[in-house]
Amino acid sequence: MKSAYTCFCTDVIHEGHLNIINEAKKYGRVIVGALSDRALIRYNKFPTVSQEDRVKLYRSLEGVEDVVIQDDMLYDDVIALIQPDYIIHGDNWQTGPEKTIRDHVEKLVKNYSGQLIDVPYTYNETVRKIDLQLREKLAMPEYRRKRLRSLLAMTPIVKALEAHSGLTGLIVEKTVVERDGRLDQFDAMWISSLCDSTAKGKPDIELVDMTSRFRTIDDITEVTTKPIIFDGDTGGLTEHFVYTVRSLEKMGVSAVIIEDKKGLKKNSLFGTEVEQTQATIEEMSAKIAAGKKAQLTDDFMIIARIESLILEKGTEDALTRAFAFTQAGADGIMIHSRKKDPAEILEFCDRFREKDTKTPLVVVPTSFNEITEEELAAHGVNIVIYANHLTRSAFPAMQKTAEDILKYHRAKEADERLMPIGDIITLIEEL
Ligand code: SPV
Ligand code: MG
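Predicted model, so just to flag it, every value in this text is computed and none were measured.

About the thresholds
- Residues numbered from 1 in each chain as written.
- Chains lettered and ligands numbered in written order.
- Predicted model: local features only at pLDDT ≥ 70, side-chain atom pairs only at ≥ 80, totals over all residues.
- Heavy atoms only, no water.
- Buried < 20%, exposed > 50% of the residue type's maximum accessible area, 1.4 Å probe, protein only.
- Helix = DSSP H or I, 4+ residues; strand = E, 2+ residues; numbered from the N terminus.
- Arc of directions from axis to C-beta.
- Contact = heavy atoms within 4.5 Å.
- Donors = N, O, S within 2.8 Å, 3.2 Å for Na, K, Ca; no water.
- Pairing = 2+ DSSP bridges.
- Axes fitted to C-alpha atoms, helices over the stretch in contact; angles between N-to-C directions.

**Q** Please set out helix α3 (residues 51–59) residue by residue, giving values where relevant.
**A** For α3, the full list of buried residues reads R54, V55 and Y58. The buried residues of α3 occupy an angular sector of 100° when the element is viewed end-on, so they sit on one face. Projecting away from the buried face of α3 at angles above 90 degrees are the exposed residues E52 and K56. In this structure, the buried residues of α3 make contact with β1 (3–8), β2 (29–35), α2 (37–40) and β3 (64–70).

**Q** Report on the coordination of the magnesium ion (ligand 2), specifying residues and quantitative values.
**A** Of the protein atoms, only S193 (OG) and D231 (OD) coordinate the magnesium ion (ligand 2), at distances of 2.1 to 2.2 Å. Separated by 38 residues along the polypeptide, S193 in helix α9 (residues 193–199) and D231 in strand β10 (residues 228–231) bring together distant segments of the chain.

**Q** Describe the sheet that holds strand β9 (residues 188–191), listing the residues and the values that go with them.
**A** Spatially, β6-β9-β10-β11-β14-β15-β16-β17 is the arrangement adopted by the eight strands of the closed barrel, whose pairing is parallel. Taking the axes of each pair of neighbouring strands and ignoring which way they run, one obtains an average angle of 25° across the sheet. Across three bridges, strand β6 (residues 158–162) lies against β9 in parallel orientation. Paired with E162 across the two strands is W190, which belongs to β9. In the packing of helix α11 (residues 238–251) onto the sheet, contacts are made with β10, β11 (255–259) and β14 (301–306), and the angle to β11 comes to roughly 155°.

**Q** Could you give an account of the sheet that holds strand β5 (residues 115–119), naming the residues involved and the relevant values?
**A** In space, the five strands of this open sheet follow the order β3-β2-β1-β4-β5, with parallel pairing throughout. Each having just a single partner strand, β3 and β5 make up the two edges of the open sheet. Sheet twist, expressed as the mean angle between neighbouring strand axes with direction ignored, is 30°. Here α3 sits on the sheet in contact with β1, β2 and β3, set at roughly 160° to β3. Contacts from helix α5 (residues 99–111) reach β4 (86–90) and β5 within the one sheet, and its direction differs from that of β5 by about 145°.

Dropping the structure here:
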């Protein structure tokens, strides 16, 4: 008997999936692929139920004879393994980013005279509602909060991009690109103190107060589902930091990063050009320990950021601090540098990993921007944060538009570079 294969990447079965199974039955014995967690997270879908439970769910469906794990979004593994006579998929993959997958599968099936069958994609009010409910579930604090820890377990390197508003949050949430035939996207959002302050026209000196920073988080969580890493600056007074931890947890933030500075904090990229004071190991450790004590969920992470390299105190000092902060309860270590050459960052990571293989390491490659994510991962880095890139791309573009309108006494010249309102409208979802 011939085999008909279809790949599911859903946590909830609706009539669209049942329709695909019914269509597949017409061609042969139905094998369903469960897209693995690892592949799903690159596919703009984050699982709300475990891989194991998805397999159980698919197996329980009438007409399904077998379920296999599909670990490769491009189908190579499954096709090598079972060479299904037919591959059945909704016709929605004929356009958009998924088309690249369809094109690839089409080539693969030709190699062994398999056949690709596109069936009409079911899209109605019920299906739309289920999709929306799934997304809303992911946006809920209890799901969003734990998503960073899940990602750390699932992917070699978590990629976070700066967001400082609903709109920039949407860009991080929705941007998907095809690279080498595969889809890719950001995993998380970084709410940078620099960009949050800049968006408000204020300097990055802990002047924008927590209430206002929380307002930014609200704007972002309203319209996105991806996990949030919050730039907590110095964390403020320990007596205040414990409240911040609770508030962030409640909002569904996954992690706060606090830096070992005290007094008037200036942005690290100024380095030693401005006066900045590093907190002592004891002061910072006490703040971390107090935060961990205040924390109520197991999901939330307090990550300690070490400024020794920024303040030119050397790798030895940075390492001593890293081990002390981990001892004090830090769930991760961020090491920062403003050198163009990543050597000191890599030395730190290698030496840290000699003694500690588990604690997540975070880096912010703003200055050392030539190094790739793959190279950083090879040195034990787990989270890479692109800390200010949306702000830095928007600011000059907006400035140029303002200048051009003034220069030409009309908007035509500027308009030619601008996104049509129609496209903006498609980015912003209406219910
Ligand atoms: C931020 O984005 O606010 C940061 C990272 O703290 S940096 O600006 O590099 O210090
Ligand atoms: Mg900052």
